[in-house]
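Here are the chains, one letter per residue:
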Amino acid sequence: MTRLNRITDISGIRVGHAEDERLASGVTALVFDTPFTCAVDVRGGGPGTRETDLLDPASTVQAVDALVLSGGSAFGLDAAAGVVAHLREAGRGFAIGDVRVPIVPGAILFDLLNGGDKAWGRFPPYRDLGYAAAEAARGGAISLGSVGAGFGARTANLKGGLGSASSAVSGLAAQVGALVAVNAFGRVTMGQGPHFWAAPFERGAEFGGLGLPQPMPDDALSWPREPLPGANTTLAVVATDARLTKAQAKRLAIAAQDGLARAIHPAHTPLDGDVVFAVATGAVPLADEVADLARLGAVAAETLARAVALGVHAATRLPCLDLPTWRELYGRG
């Protein structure tokens, strides 16, 4: 099978996007062919989530049907209802008697001040966008950059975006994929230059091939800008075809958070709502549940760091948002 360097390299995961250019916002849905084990780790100080309590290892429901990442801040939580509606029409969901309830956790990022028209009236459009994203979910390649939940995203100095990557895991039959909507308070590049913080993990020249700068720029660690509390967030999903319990998936999500810290400076601030979901399809059993899980976590962090850089590298200009793209400034890729 040809590797696409996307989270969809994990069999059974399909991804769909829906955007509204006038709104300058969008939704990304990850729809699973069968219910998969899922957990979540929240590190940002201003998160917005739906159905994450049931991902606790002590909770009854053991698997989820889909995940949703959305713009729109609290209004974007409606996107999950659209995905639920789509799955219900397909007969999917957790069985309770003769009723099925689709299990669709989600998280939102803040893009309400990006210049788009947010005068939507009584009901925000995110339910319909969620339905459209679920309907658009297909196997194969995923568009990156200014699509889906990353459509109206931004970082401190560059247009944000939607990124995805995948990796084989040395010594294991399992693999790892990541998908991320980058809307960070911090920078993914070192200061105002072109070099990505994620450069040590780059494969080939997938996000420009610049490597690390020599010497380090004087402004590499400078504070990004004046903060606006609650106005940011990076949302991510890491996935593996390994067989994990909910508790092990939680540990994978915790380890994967290091990928955000390696690719964004600063990360996990009180100004962000950083959330990482971890999904395990269960196809590949682990020979050593401790050592193999540690290896999966290390690769998940590296893969997520790459996905962050890929999302910003691929972003395209949003007319209403006065932020340059990486390609506009540095003309590579």
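Residues numbered from 1 in each chain as written. Predicted model: local features only at pLDDT ≥ 70, side-chain atom pairs only at ≥ 80, totals over all residues. Heavy atoms only, no water.

**Q** Where do I start with the overall build of the protein chain in this structure?
**A** Along the protein chain, the regular secondary structure elements total five helices and 11 strands. Taking 2.2 N^0.38 as the reference for a compact globule, 333 residues should give roughly 20 Å; the C-alpha atoms of the protein chain span a radius of gyration of 18 Å, in line with that estimate. Dimensions of the protein chain along its principal axes, counting C-alpha atoms only, are 60 × 55 × 35 Å. In the protein chain, 78% of the contacts between residues at least 6 apart in sequence involve partners at least 24 apart. Accessible area of the protein chain: about 12900 Å², with a carbon and sulfur share of 52%. Here the protein chain carries 28 positive and 32 negative side-chain charges, and the mean point of each set is 2 Å from the other. (Helix = DSSP H or I, 4+ residues; strand = E, 2+ residues; numbered from the N terminus. Rg over C-alpha atoms; globule rule 2.2 N^0.38 Å. Contact = heavy atoms within 4.5 Å. Areas by Shrake-Rupley, 256 points an atom, 1.4 Å probe, with all protein chains shown as cover. Lys, Arg positive; Asp, Glu negative; His and termini not counted. Charge placed at Lys NZ, Arg CZ, Asp CG, Glu CD.)

**Q** Can you help me understand the nonpolar core in this one?
**A** Across soluble globular proteins, you tend to see nonpolar side chains buried next to one another. Counting residues in hydrophobic clusters, the biggest one holds 75 residues, and the most contacted among them are Leu 30, Val 238, Phe 277, Leu 296 and Leu 304. Considering each element in turn, this core owes the most residues, 11 residues, to helix 4 (residues 291-313). Among residues more than four places away in sequence, those in contact with Leu 30 are Ile 7, Ile 13, Arg 14, Val 15, Asp 65, Ala 66, Leu 67, Leu 179 and Val 237. Core analysis: the second largest hydrophobic core is formed by 19 residues, Val 27, Leu 87, Leu 129 and Ala 133 among them. (Core = buried A, V, L, I, M, F, W, Y, C linked by side-chain atoms within 4.5 Å. Buried < 20%, exposed > 50% of the residue type's maximum accessible area, 1.4 Å probe, protein only.)

**Q** Help me out: how do you make sense of the packing of helix 1 (residues 79-89) against helix 2 (residues 126-136) in this one?
**A** Geometry of a packed helix pair, given as the angle between the helix axes and the separation of the axes. Following both chains from N to C, one finds helix 1 and helix 2 inclined at 45 degrees, their axes separated by 6 Å at the closest point. Classified by the interaxial angle, the pair formed by helix 1 and helix 2 is oblique. Our pair here, helix 1 against helix 2, has a crossing hand that is right-handed. Here Ala 79, Ala 81, Gly 82, Val 83, Ala 85, His 86 and Glu 89 of helix 1 come into contact with helix 2, specifically with Tyr 126, Arg 127, Gly 130, Tyr 131, Ala 134 and Glu 135. Grouping the constituent residues of the contact of helix 1 with helix 2 by class yields seven nonpolar, three polar and three charged. (Axes fitted to C-alpha atoms, helices over the stretch in contact; angles between N-to-C directions. Parallel < 35°, antiparallel > 145°, perpendicular 65-115°, else oblique. Left-handed = near helix turned anticlockwise from the far one by under 90°. Nonpolar A, V, L, I, M, F, W, Y, C, P; charged D, E, K, R; others polar.)

**Q** Help me understand the pattern of salt bridges in this model?
**A** Once their charged atoms are close, side chains differing in charge can pair, the charge on each being opposite to the other. With the rule as written, the count across this model stands at eight salt bridges. Two residues, Asp 33 and Arg 14, come together in a salt bridge whose shortest N-O distance is 2.9 Å. Remark: Arg 14 occurs in strand 1 (residues 13-20) and Asp 33 occurs in strand 2 (residues 25-42); sequence separation between them is 19 residues. Residue Arg 14 is classed as partly exposed on the basis of its relative accessible area, which comes to 25%. For Arg 43, the salt bridge identified is with Asp 41, shortest N-O distance 2.7 Å. (Salt bridge = Lys/Arg side-chain N within 4 Å of Asp/Glu carboxyl O.)

**Q** Where do I start with the packing of aromatic side chains in this structure?
**A** For any two aromatic rings, the description comes down to two numbers: the centre-to-centre distance and the angle of the planes. A complete count under the given rule lists seven aromatic pairs for this structure. Aromatic side chains Phe 75 and Trp 120 sit 5.0 Å apart centroid to centroid with 70 degrees between the ring planes, which places their arrangement in the edge-to-face category. With Phe 75 in the loop between strand 4 (64-70) and helix 1 and Trp 120 in the loop between strand 7 (106-108) and helix 2, this residue pair connects regions lying 45 residues apart in the sequence. Since its relative accessible area comes to 40%, Phe 75 is described here as partly exposed. By relative accessible area, which is 19% here, Trp 120 ends up buried. (Phe/Tyr/Trp six-rings, centres within 6.5 Å; stacked < 30°, edge-to-face > 60°.)

**Q** How do you make sense of the side chain of Ser 73 when you look at a structure like this?
**A** Examined against the element boundaries, Ser 73 turns out to sit in the loop between strand 4 and helix 1. You can call Ser 73 buried: its relative accessible area is 18%. Ser 73 has contacts with Ile 108, Leu 109, Phe 110 and Leu 112, leaving out every residue within four places of it along the chain.

**Q** What should I look at first to understand helix 4 in this one?
**A** Three or four residues apart is the spacing at which side chains of an α-helix point the same way, because the helix has 3.6 residues per turn. The terminal C-alpha atoms of helix 4 lie 34 Å apart, and with 23 residues this matches the ideal 33 Å at 1.5 Å per residue to within 8%. Counting buried residues along helix 4, 18 of its 23 residues qualify, which places the element largely inside the surrounding structure. (Expected span 1.5 Å × (residues − 1).)

**Q** Explain empty space enclosed by the protein here, please?
**A** Summary: where empty space remains is shown by rolling a probe the size of a single water molecule over the atoms. Under the defined criterion, the tally for this structure stands at two cavities of 30 Å³ or more. Taken as a whole, the largest cavity holds about 40 Å³ of empty space. If you trace the largest cavity, you find it lined by Pro 194, His 195, Phe 196, Ala 199, Glu 202, Phe 207, Gly 209, Leu 210 and Gly 211. A class-by-class count of the residues in the lining of the largest cavity yields five nonpolar, three polar and one charged. Of the volumes computed, that of the second largest cavity is approximately 30 Å³. As for the second largest cavity, its lining consists of Val 68, Gly 76, Leu 77, Ala 80, Gly 106, Ala 107 and Ile 108. At three residues, strand 7 tops the list of elements feeding residues into the lining of the second largest cavity. (1 Å grid on protein atoms, 1.4 Å probe; cavity = no way out; pocket = protein on both sides within 12 Å on 5 of 7 lines; lining within 4 Å. Points joined across faces, edges and corners; volume = space filled by probe spheres on them.)

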